[in-house]
Amino acid sequence: VSQQGINVLLNLFGGAVLNAASGVARQVNVAVIRLVDCINTPIKPQIVKSYAAGDTGQMLLLFEKNTKYSVMFMTILLFPLVLEAEFILDLWLKDVPPHAVQFTQIVLLESFFAVFSYSMATVVSATGKLMRMEVLGRFITLAGLPVAYMVLKAGGAPVWALVISLAAQILYVLYLFCDLRSKISLDMGSYFRNVLRPVLVLVSALAVCTIPQVIFVQEGVARFFAVGFTTVIVGAAAIWFGCLDAKE
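Analysis parameters
Residues numbered from 1 in each chain as written. Predicted model: local features only at pLDDT ≥ 70, side-chain atom pairs only at ≥ 80, totals over all residues. Heavy atoms only, no water. Helix = DSSP H or I, 4+ residues; strand = E, 2+ residues; numbered from the N terminus. Buried < 20%, exposed > 50% of the residue type's maximum accessible area, 1.4 Å probe, protein only. Polar contact = N/O pair within 3.5 Å; in protein donor to acceptor, adjacent residues only side chain to side chain. Contact = heavy atoms within 4.5 Å. Salt bridge = Lys/Arg side-chain N within 4 Å of Asp/Glu carboxyl O. Patch = residues over 30% accessible without salt bridge, like charges linked within 9 Å, V, L, I, M, F, W, Y side chains within 5 Å. Areas by Shrake-Rupley, 256 points an atom, 1.4 Å probe, with all protein chains shown as cover. Axes fitted to C-alpha atoms, helices over the stretch in contact; angles between N-to-C directions. Parallel < 35°, antiparallel > 145°, perpendicular 65-115°, else oblique. Left-handed = near helix turned anticlockwise from the far one by under 90°. Nonpolar A, V, L, I, M, F, W, Y, C, P; charged D, E, K, R; others polar. 1 Å grid on protein atoms, 1.4 Å probe; cavity = no way out; pocket = protein on both sides within 12 Å on 5 of 7 lines; lining within 4 Å. Points joined across faces, edges and corners; volume = space filled by probe spheres on them. Phe/Tyr/Trp six-rings, centres within 6.5 Å; stacked < 30°, edge-to-face > 60°. Lys NZ or Arg CZ within 6 Å of the ring centre and 35° of its normal.

Asker: Which parts of the structure should I look at to understand the side chain of Ser50?
Answerer: Locating Ser50 in the fold gives a position in helix α2 (residues 16-52). Residue Ser50 is classed as buried on the basis of its relative accessible area, which comes to 9%. A polar contact of 2.9 Å, which involves the side chain of Ser50, links it to the backbone oxygen of Gln46. Beyond its immediate stretch of four places on either side in the chain, Ser50 contacts Asp55, Gln58, Met59 and Leu62.

This is how it looks when you write it as structure tokens:
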């Protein structure tokens, strides 16, 4: 309802052109999410098994590893896609719909934060206590619809509908994290050291090395490959030296 509701609002206030732009953004997003699912799929059963066996320590370890690996992989994928979205869409489509570039960038950023919720949802599902996550938590994402409607009705730009959806996703992740803390003994210090800090190291390294290229180099094939090459090399170095521990 939240995703298709945004499409209905875009159609209502902007017509089929905005729907086309949103459809392009969602197609790119689906391709990225499928790749990230390759990391989540083999770890989910182990998390559920550990919780069922009463091995909370192993479950938390798997939860942190799952989150870290998924988010790092997502980061490597997103940097060139977000920074070079216009160039990529020009290659892919003969005529790029208006707002498609902005929509794609925002939807991909929304997916970045959604990745945090995937591993959290696995742990919450293992506990069997789903009401807060699936009912109360979803009110947060649904609340984006009336807010987006009011903004568009007041004359706001179409891109605000996607920005509001992004904000709702971030709030949902924060809510899910609080819900998870109330269900299991989640150590905030450990989560920061093992998940958030490595992700910040990776994002910072990539931002420092790729954003100047986008600012100072003219858009084209050369810049696209330069950004992609830099992302892979710098990302691999940052992960190896700043994100993984000795065992990993």
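We are not done yet, so read on.
Asker: For this particular structure, what's the right way to read the pattern of salt bridges?
Answerer: Charged atoms that come close allow side chains of opposite charge to pair. Overall, the coordinates contain seven salt bridges when judged by the stated rule. Two residues, Lys65 and Asp245, come together in a salt bridge whose shortest N-O distance is 3.4 Å. With Lys65 in helix α3 (residues 56-83) and Asp245 in the segment after α9 (221-243), the pair connects residues that are 180 residues apart, well separated along the chain. Of the residues examined, Asp245 reaches a relative accessible area of 38% and is grouped as partly exposed. Salt bridges sharing common partners tie together Lys65, Lys68, Asp245 and Glu248.

Asker: Help me understand a nonpolar patch on the surface, please; the structure alone is not making it clear to me.
Answerer: There is a patch of nonpolar side chains on the surface, built from Val1, Met131, Val135, Leu136, Phe139 and Leu142 and spanning about 610 Å² of accessible area. Position of Val1 relative to the elements: it lies in the segment before α1 (2-14). Residue classification places Val1 among the exposed positions, given a relative accessible area of 76%.

Asker: Whenever I open this one, the packing of helix α5 (residues 100-127) against helix α8 (residues 188-216) confuses me. Can you help?
Answerer: When two helices pack together, their arrangement is given by the angle between the helix axes and the distance between those axes. Contact pair α5 / α8: the axes reach a minimum separation of 13 Å and the direction vectors enclose 155°. Here α5 is positioned roughly antiparallel relative to α8, judged by the angle of their axes. The two elements α5 and α8 cross, and the hand of that crossing is right-handed. For the pair α5 and α8, the contacting residues are Phe112, Phe116 and Met120 in the first and Tyr191, Val195, Leu196 and Val199 in the second. Residues that form the contact of α5 with α8 fall into these classes: seven nonpolar, no polar and no charged.

Asker: Explain empty space enclosed by the protein here, please?
Answerer: Over the atoms, a rolling probe the size of a water molecule traces out where space has been left empty. Evaluation of the coordinates by the stated rule reveals one cavity of 30 Å³ or more. As a volume, the largest cavity reaches approximately 40 Å³. Forming the walls of the largest cavity are Val28, Leu81, Ala85, Ile88, Leu89, Thr104 and Leu108. Those elements giving two or more residues to the lining of the largest cavity turn out to be α4 (85-92) and α5. Ranked by residue count, the leading element in the lining of the largest cavity is α4, at three residues.

Asker: What's the story with the environment of Val107 in this structure? I'm lost.
Answerer: The residue Val107 is located in helix α5 in this model. Counting along the chain gives 63 residues from Val107 to Lys44, while the straight-line C-alpha distance between them is 25 Å. Every residue in contact with Val107, bar those within four places of it in the chain, is listed here: Ala25, Arg26, Asn29 and Leu162.

Asker: What exactly am I supposed to notice about the layout of surface pockets here?
Answerer: Looking at the largest pocket, its volume works out to about 500 Å³. Lining of the largest pocket is provided by 30 residues; of these, Gln3, Ala114, Tyr118, Arg138 and Gln169 occupy positions nearest its centre. Of all the secondary-structure elements, those providing two or more residues to the lining of the largest pocket are α1, α2, α5, α6 (131-153) and α7 (159-183). In terms of residues, the lining of the largest pocket owes the most to one element, α5, which gives eight residues. In the lining of the largest pocket, the residues fall into 13 nonpolar, eleven polar and six charged. There is about 290 Å³ of room inside the second largest pocket. Taken together, 14 residues form the lining of the second largest pocket, with Phe113, Phe116, Val173, Leu174 and Leu196 sitting closest to its centre. Only α5, α7 and α8 provide two or more residues apiece to the lining of the second largest pocket.

Asker: How should I be thinking about the packing of aromatic side chains in this particular structure?
Answerer: Describing an aromatic ring pair means giving the distance of the ring centres and the angle of the ring planes. Inspection of the entire model under this criterion finds seven aromatic pairs. Look at Phe112 and Phe113: their rings are 5.3 Å apart centre to centre, the planes differ by 85°, and that puts the pair in the edge-to-face class. With relative accessibility at 14%, the residue Phe112 sits in the buried group. Relative accessible area serves as the criterion here: at 27%, Phe113 is assigned to the partly exposed category. Members of the aromatic cluster, each reached through a chain of ring pairs, are Phe63, Phe177 and Tyr191. Cation over ring: Arg138 sits above Tyr172, and NZ or CZ is 4.3 Å from the ring centre.

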